[in-house]
Amino acid sequence: MTHRALPSLTALRAFEATARLRSAKLAAGELSVTPTAISHQIRALEEQLGTPLFVRSVRQLRPTPQGKQLFDDLQ
């Protein structure tokens, strides 16, 4: 049986806030961290899960289908 590490709670919080607000800047304000910290947490989560969680555009982050599923699971 292979054990898989669970994602960090910090990364999941960063992801949830970003998915709900569609903005790393707004999520950072809500969580009292920098947008860069949010970005690092999300990238680490994407690497751990092996899938992109957001489609990144200039002023908005939209969840991918995998990101939408994770967001729904966290709700």
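The rules behind these values
Residues numbered from 1 in each chain as written. Predicted model: local features only at pLDDT ≥ 70, side-chain atom pairs only at ≥ 80, totals over all residues. Heavy atoms only, no water. Helix = DSSP H or I, 4+ residues; strand = E, 2+ residues; numbered from the N terminus. Buried < 20%, exposed > 50% of the residue type's maximum accessible area, 1.4 Å probe, protein only. Contact = heavy atoms within 4.5 Å. Core = buried A, V, L, I, M, F, W, Y, C linked by side-chain atoms within 4.5 Å. Polar contact = N/O pair within 3.5 Å; in protein donor to acceptor, adjacent residues only side chain to side chain. Phe/Tyr/Trp six-rings, centres within 6.5 Å; stacked < 30°, edge-to-face > 60°.

Peer 1: Mind showing me how you'd approach the side chain of Thr51 here?
Peer 2: Examined against the element boundaries, Thr51 turns out to sit in the loop between helix H3 (35–49) and strand S1 (54–56). What makes Thr51 buried here is its relative accessible area of 19%. Every residue in contact with Thr51, bar those within four places of it in the chain, is listed here: Glu46 and Gln66.

Peer 1: When you look at the nonpolar core in this model, what are you seeing that I'm missing?
Peer 2: One broad trend across soluble globular proteins is that nonpolar side chains are buried collectively. Formed by 16 residues in total, the largest nonpolar core has its most connected members in Phe15, Ala19, Ile38, Leu45, Leu53, Phe54 and Leu70. Broken down by secondary-structure element, the contributors of at least two residues to this core are helix H1 (9–21), helix H2 (24–31), H3 and helix H4 (65–74). Looking at which element gives the most residues to this core, the answer is H1, with six residues. Residues within four places of Ala19 in sequence aside, it is in contact with Phe54, Pro63 and Phe71.

Peer 1: Sorry if this is basic, but what is going on with the environment of Gln41 here?
Peer 2: Mapped onto the fold, Gln41 is located in helix H3. The class for Gln41 is partly exposed, based on a relative accessible area of 25%. Along the primary structure Gln41 and Thr10 are separated by 31 residues, whereas in three dimensions their C-alpha atoms are 7.4 Å apart. In this structure Gln41 touches Ser8, Thr10, Ala11 and Ala14, once residues within four positions along its chain are discounted. Side-chain polar atoms of Gln41 contact the backbone nitrogen of Ala11, separated by 3.3 Å.

Peer 1: Can you help me understand the packing of aromatic side chains in this one?
Peer 2: Aromatic ring pairs are described here by two measures, namely the spacing of the ring centres and the angle between the planes. Enumeration over the complete set of coordinates arrives at one aromatic pair. Consider the rings of Phe15 and Phe54, whose centres lie 5.4 Å apart with planes at 50°: the pair is tilted. Of this pair, Phe15 sits in helix H1 while Phe54 sits in strand S1, and the two are 39 residues apart along the sequence. By relative accessible area, Phe15 is classed as buried at 0%.

None of this, on its own, says anything about what the molecule does.
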